[in-house]
Amino acid sequence: LHNKRGESLGTQASVVALETQDKLDESSIDRIQRLADSLAIHLVGAQALYLNQIPNEVIEKEKEILTEASRKEMEAANASKGKKVEESVLAKRIGKKVDKRLSKLAEQVVLHKQTFVSEDADGKANVQTVLSRLSKELGTKLKISSAVRFQIGEENVRM
């Protein structure tokens, strides 16, 4: 429970399930549990919407919106400078700008791509990197099998 409002009462909560195929010793299980706890806290703070990737239908809608906004932005900038840019050049520039913005969006809303925020984290590694590091240290493959974030007054976000 996070954002406490009283004893055992909070406005947000999350659950993260980590999975492995191997039998592990008590020490390894403890480390995995600590990571799962940290990921749950991260999930509430970072407000991820998707586990691995943004769904295609969301990407297509975002592409439309970003393409239109970028086109207007670039056309206005070119007009103010009195420049005339060929459509093929403009389309290429718009495509690059849209791709960059979509990549940035993924870093914000996809759990695996978010920079991992935790007391132990260096602030540079993303969630996938942290999972990979612990997997390597323990000699097993770890993955997030599911995650859910609850918030009072909001729709639950299941991943």
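Residues numbered from 1 in each chain as written. Predicted model: local features only at pLDDT ≥ 70, side-chain atom pairs only at ≥ 80, totals over all residues. Heavy atoms only, no water.

## Quick notes on the pattern of salt bridges
What the rule picks out here adds up to 6 salt bridges. Between Arg-71 and Glu-75 there is a salt bridge, and its shortest N-O distance comes to 3.7 Å. With Arg-71 and Glu-75 both in helix α2 (residues 56–80), this residue pair falls 4 residues apart, about one helical turn. Classification of Arg-71 by relative accessible area gives partly exposed; the value is 22%. Relative accessible area serves as the criterion here: at 38%, Glu-75 is assigned to the partly exposed category. The salt bridge partner of Arg-101 is Glu-73, with a shortest N-O separation of 3.5 Å. With Arg-101 in helix α3 (residues 87–109) and Glu-73 in helix α2, this pair connects stretches of sequence that are 28 residues apart. (Salt bridge = Lys/Arg side-chain N within 4 Å of Asp/Glu carboxyl O. Helix = DSSP H or I, 4+ residues; strand = E, 2+ residues; numbered from the N terminus. Buried < 20%, exposed > 50% of the residue type's maximum accessible area, 1.4 Å probe, protein only.)

## Examining the packing of α2 against α3
Interhelical geometry of α2 versus α3 gives an angle of 130° and a closest axis separation of 9 Å. One way to sum up the angle between α2 and α3 is to call them oblique. The crossing of α2 and α3 is right-handed. Here α2 contributes Ile-59, Glu-62, Lys-63, Leu-66, Thr-67, Ser-70, Arg-71, Glu-73, Met-74, Glu-75 and Asn-78 to the contact with α3, which in turn contributes Glu-87, Leu-90, Arg-93, Ile-94, Lys-97, Val-98, Arg-101, Leu-102 and Leu-105. (Axes fitted to C-alpha atoms, helices over the stretch in contact; angles between N-to-C directions. Parallel < 35°, antiparallel > 145°, perpendicular 65-115°, else oblique. Left-handed = near helix turned anticlockwise from the far one by under 90°. Contact = heavy atoms within 4.5 Å.)

## Side note on unusual backbone geometry
Of note in the backbone geometry, Gln-47 takes a positive phi value of approximately 60° without being a glycine. For Gln-47, the location among the structural elements is in the loop between α1 (26–46) and α2.

## Describing the side chain of Asn-78
By secondary structure assignment, the location of Asn-78 is in helix α2. When residues no more than four places from it in sequence are discounted, the contact partners of Asn-78 are Lys-83, Val-85 and Leu-90.

## Considerations on the side chain of Arg-149
Position of Arg-149 among the secondary structure elements: in strand β3 (residues 143–151). A relative accessible area of 6% means that Arg-149 is categorised as buried. Separated by 3.3 Å, the side chain of Arg-149 and the backbone oxygen of Ala-48 make a polar contact. (Polar contact = N/O pair within 3.5 Å; in protein donor to acceptor, adjacent residues only side chain to side chain.)

## With respect to the nonpolar core
Val-16, Leu-18, Leu-35, Leu-39, Leu-111, Ile-144 and Met-159 are the most contacted members of the largest nonpolar core, which has 23 residues in total. Residue assignment for this core shows that the elements contributing at least two residues are β2 (9–19), α1, α4 (127–138) and β3. Top element by residues in this core is α1. It accounts for 6 residues. Leu-35 has contacts with Leu-18, Phe-116, Val-130, Leu-131 and Leu-134, leaving out every residue within four places of it along the chain. One finds Leu-66, Met-74, Leu-90 and Val-98 within the second-largest nonpolar core, a separate group that totals 7 residues. (Core = buried A, V, L, I, M, F, W, Y, C linked by side-chain atoms within 4.5 Å.)

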